[in-house]
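Given next are the chains, with one letter for each unit.
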Amino acid sequence: QLQLVESGGGLVQAGGSLRLSCAASGSIFRFNVMGWYRQAPGKQRELVANIISGGPTNYADSVKGRFTISRDNAKNTVFLQMNSLRPEDTGVYYCNLQVVGMTGTSWGQGTQVTVSS
């Protein structure tokens, strides 16, 4: 069983920063994509950023230049550094892991990020 454990959410003022982390354990295959999604009240869950095992990354246009995704392959952990936070960044952030070439995906429990104005 694959498990994703997230941490780092909280309440910050606009312009502040947070660093999220997600540690994966269990049946982790060598080639995978780990990413962060978020869901605001009344909105669909959306991709924030993801990172492939070898290093390539993708970002939503709304967070480019402000957020940075990274991973520590030795510890099977992915991070999301969030700077210059805005109220519209508020939502529940979920960690995701997708094994390349396999059906199904895994999700973390979610961590709340609230940005006040």
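Residues numbered from 1 in each chain as written. Predicted model: local features only at pLDDT ≥ 70, side-chain atom pairs only at ≥ 80, totals over all residues. Heavy atoms only, no water.

Turning next to the side chain of D89. In this fold, D89 is placed in the loop between β8 (77-82) and β9 (91-99). At 2.9 Å, the side chain of D89 forms a polar contact with the side chain of R38. A polar contact of 2.8 Å, which involves the side chain of D89, links it to the side chain of R66. The contact partners of D89, leaving out residues within four places of it in the chain, are R38, R66, F67, S84, V113 and V115. (Helix = DSSP H or I, 4+ residues; strand = E, 2+ residues; numbered from the N terminus. Polar contact = N/O pair within 3.5 Å; in protein donor to acceptor, adjacent residues only side chain to side chain. Contact = heavy atoms within 4.5 Å.)

As paired strands, strand β3 (residues 18-25) and β8 are joined by six bridges and run antiparallel to one another. Each bridged residue has a counterpart across the sheet, and for L18 the counterpart in β8 is M82. Relative to β8, strand β7 (residues 67-72) runs antiparallel, the two sharing six bridges. Directly across from T68, in β8, lies its bridge partner Q81. Between β7 and β8, which follow one another and run antiparallel, lie four residues, and N76 among them has a positive phi close to 50°. (Pairing = 2+ DSSP bridges.)

Moving on, we come to the state of the cysteines. Applying the stated criterion across every chain yields a total of one disulfide. At a sulfur-sulfur separation of 2.1 Å, the disulfide partner of C22 is C95. Disulfide C22 to C95: torsion about the S-S bond roughly -85°, handedness left-handed. With C22 in strand β3 and C95 in strand β9, this residue pair connects regions lying 73 residues apart in the sequence. This pair shows no difference in class: C22 is buried, exactly as C95 is. (Disulfide = S-S within 2.5 Å. Buried < 20%, exposed > 50% of the residue type's maximum accessible area, 1.4 Å probe, protein only.)

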